[in-house]
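Residue-level structure breakdown
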Amino acid sequence: MPTKTWRSSCLFLSELILVKAKSWVQSAVCSCIFLTMEPCSCDTFVALPPATVGNRIIFGKNSDRPHDEVQEIVYFSGKCYAAGEKLECTYIEIEQVKQTYAVVLSRPSWLWGAEMGANEFGVCIGNEAVWGKEDIGKEEALLGMDLVRLGLERARTAEEAVDVIVSLLDQYGQGGNCNEDTTPFLYHNSFLIADRKEAWILETAGDFWAAEKVEEGIRNISNNFSITTKIDREHPKTRPHASNNSWWDGVQEFNFAGAYSWHYPSKSSSHGDRYCEGYKLLKKHNGNMTAEAMIEILSDKRSGVNMEGSFRTTGSMVSILPQDPNQPCCHFFTGTPDPSRSVFKPFIFAPQIEQLPKTASPSFGSDDPVKQLPRFQTRPDRRHELWRKHESALKNMGNEMLGKMKNLEKQKLKEVECILNGGDVDPASLAMLFPNSVEDEIKIYG
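All values reported here derive from a predicted model rather than from experimental measurement.

Some remarks on the state of the cysteines
- Within this structure, the stated rule accounts for zero disulfides.
- Summary of cysteine pairing: C329 is not part of a disulfide, and the nearest cysteine sulfur, belonging to C124, is at 6.9 Å.

Structural notes on the pattern of salt bridges
- Applying the stated criterion to the full structure yields 38 salt bridges.
- Linking D338 and K301 is a salt bridge whose minimum nitrogen-to-oxygen distance equals 3.1 Å. Remark: K301 occurs in the loop between helix 8 (291-298) and strand 14 (311-322) and D338 occurs in the loop between strand 15 (330-333) and strand 16 (345-347); sequence separation between them is 37 residues.
- The salt bridge partner of D338 is R341, with a shortest N-O separation of 3.1 Å.
- For D338, a relative accessible area of 6% gives the class buried.
- The network of salt bridges with common partners includes D68, E180, D368, R379 and R382.

With respect to helix 3 (residues 144-154)
- Across the 11 residues that make up helix 3, a large majority, 11, are buried.
- Listing the buried residues of helix 3 in full gives G144, M145, D146, L147, V148, R149, L150, G151, L152, E153 and R154.

Remarks on the nonpolar core
- V318 and F347 are the most contacted members of the largest nonpolar core, which totals 80 residues.
- Residue contacts for V318: discarding those within four places in its chain leaves I58, F59, G60, A291, M294, I295, L298, C330, H331, F332 and F344.
- Ranked by size, the runner-up nonpolar core spans 47 residues in total, among them V103, L105, V164 and F311.

Let's talk about the pairing of strand 1 (residues 43-48)
- Of all six residues in strand 1, six are buried, a share of seventy percent or more.
- Across the two faces of strand 1 the burial is the same, with D43, F45 and A47 and T44, V46 and L48 all buried.
- Direction of pairing for strand 1 relative to strand 2 (residues 56-66): antiparallel, over a ladder of five bridges. The partner of T44 across the bridge, within strand 2, is K61.
- Pairing between strand 1 and strand 12 (residues 217-221): five bridges, direction antiparallel. Residue pairing in the sheet places A47 in a bridge with I218 of strand 12.

Side note on the packing of aromatic side chains
- Scanning the model with the defined rule gives 14 aromatic pairs in all.
- Ring geometry for W110 versus F376: centroids 5.6 Å apart, planes at 85°, classification edge-to-face. Here the residue W110 occupies a position in the loop between strand 6 (103-108) and strand 7 (116-119), and F376 occupies one in the loop between strand 16 and helix 9 (385-394), the gap between them amounting to 266 residues. Exposure class is identical for W110 and F376. Each is buried.
- Seen in terms of ring centroids, F185 and Y187 are 5.1 Å apart; in terms of plane orientation they differ by 70°. Their pairing is edge-to-face.
- Using a relative accessible area of 2% as the deciding quantity, one classes F185 as buried.
- Under the relative-accessibility criterion, Y187 is labelled buried at 7%.
- Seen from the ring of W262, K133 lies directly overhead, with NZ or CZ sitting 5.3 Å from the centre.
- Looking at R149, its charged tip hangs above the ring of F76, at a distance of 4.2 Å from the centre.

So, the packing of helix 9 against helix 12 (residues 433-445)
- It is at 9 Å that the axes of helix 9 and helix 12 come closest, and there the two elements cross at 30°. Considering their axes alone, helix 9 and helix 12 lie roughly parallel with respect to each other. Like other packed secondary-structure pairs, helix 9 and helix 12 cross with a definite hand, here left-handed. Taking contact as the criterion, the partners of E385, L386, K389, H390 and A393 in helix 9 are, on helix 12, V438, E441, I442 and Y445.
- Tallied by class, the residues present in the contact of helix 9 with helix 12 amount to five nonpolar, one polar and three charged.

The rules behind these values
Per chain, residue numbering runs from 1 following the sequence as it is written. In view of the model being predicted, local features appear only for residues whose pLDDT reaches at least 70, and side-chain atom pairs are presented and counted only at 80 or more, with totals across whole chains, interfaces and linings using the full set of residues. For the side-chain quantities, the full set of heavy atoms in the structure was used; hydrogens and water were omitted. Disulfide assignment relies on a single distance test, namely cysteine sulfur atoms paired within 2.5 Å. Criterion for a salt bridge: a side-chain nitrogen of Lys or Arg within 4 Å of a carboxyl oxygen of Asp or Glu. In this description a helix means any DSSP run of H or I spanning at least four residues, a strand means any run of E spanning at least two, and both kinds are numbered starting from the N terminus. Each residue gets one of three labels from its accessible area relative to the maximum for its type: buried under 20%, exposed over 50%, partly exposed in between, using a 1.4 Å probe on protein chains only. In these notes, a set of buried Ala, Val, Leu, Ile, Met, Phe, Trp, Tyr and Cys residues joined through side-chain atoms within 4.5 Å is what counts as a nonpolar core. Here a residue-residue contact requires only that any non-hydrogen atoms of the pair lie within 4.5 Å. Pairing between two strands is assigned when DSSP locates at least 2 bridges connecting them. Each pair of aromatic rings taken from Phe, Tyr and Trp, with Trp reduced to its six-membered ring, is defined by centres within 6.5 Å and is described as stacked if the planes are under 30 degrees apart, edge-to-face if over 60, and tilted in the remaining cases. Geometrically, a lysine NZ or arginine CZ counts as sitting over a ring once it is within 6 Å of the ring centre and also within 35 degrees of the ring normal. Note on method: axes are straight lines fitted to C-alpha atoms, helices fitted across the in-contact stretch only, with angles between N-to-C directions ranging 0 to 180 degrees. Oblique is the label for any angle not covered by the other classes, which are roughly parallel (under 35 degrees), roughly antiparallel (over 145) and roughly perpendicular (65 to 115). A crossing counts as left-handed when the near helix is turned anticlockwise from the far one by less than a right angle, and as right-handed when that turn is clockwise. In this classification, Asp, Glu, Lys and Arg are treated as charged, Ala, Val, Leu, Ile, Met, Phe, Trp, Tyr, Cys and Pro as nonpolar, and every other residue, Gly included, as polar.

What follows is the structure in structure tokens.
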């Protein structure tokens, strides 16, 4: 490893852990060796009444990934399957269910799962990389991103999605390289899951997990464990496993983050890490949270939430989940890097929706290097049309072009407000809402 990278690695590890533990250090170095050791993280946020305006739940996520990785926006309709059918995920094959639900996903284009997305019932899920005392295995299993998609395809509510994910985790486990590269990038996963009524935080450490129900106010997750003593559901062996490893004395109140992580963030807004910086941004808008405010949070570079460098924000999502079931849920996606210089474009589920060609990457089928063994021997060009146009424009993006982009974004936000406020919109128009927005953005790039 080059001297510069090793020094950066040591700096990262010194901030991430308070206690030296050989097995954990080896795992963390292995996970992040392909980077210059910037924080391997994303951020996911949720705000529920009374923190929001208009009796809505607002969900938001930035996906921070290797800077040259393409993130695509794809739609899959719900389907029915015959008994015994199999499903091929990123690395392993699992049992398919009888019925799946329609989903829209923002995902790294080389894998099956997704970093974030929503389904036709208004369930939204985002995941984060987390590390702790529990060893990270190298065996291929379900990626956390596979679990995001499976939760969306199989659940009608946020709590059902928790059930789906922990059941699959118990049956198949989590593991495998989370990077399109021969160098392993390994981690456990945490999830923020929301629907029209509530949200759930689900944090995992290998086979073990804890879940916290969020019914009001604000909440965020980053690349550290955040569930402490408020535990609404957990793996039955979470506490015995912690006790057997001397991570919990069995007497004091059980603290999941305290037991399973080397370091867990203070709830104080003065702590200064990504988790607390994100919380401060949420708190700034507490009581007045809107989709526009969530976009502002995701675009914030000072906090590190909008990440730059060899690891950067490659895709972003904001969702409006009205508690009134008569109003549709609306999901905004960028499909391009850097939310401060991208356009959040609206998507609403409608019967006539088909695949989204301008934001879908090329498919390489069985010839894809991800599917061939050994994996990742080559890297094909996965850029979709919107990514190419944005990438070219980003190099010389001036204030005039950026102004046009943000004006388009404001226009689309107003259009969605009209729909939510009872505007008469036919299903065909809703189906074209996202594709037309993509076309409008591409026209700005020329």
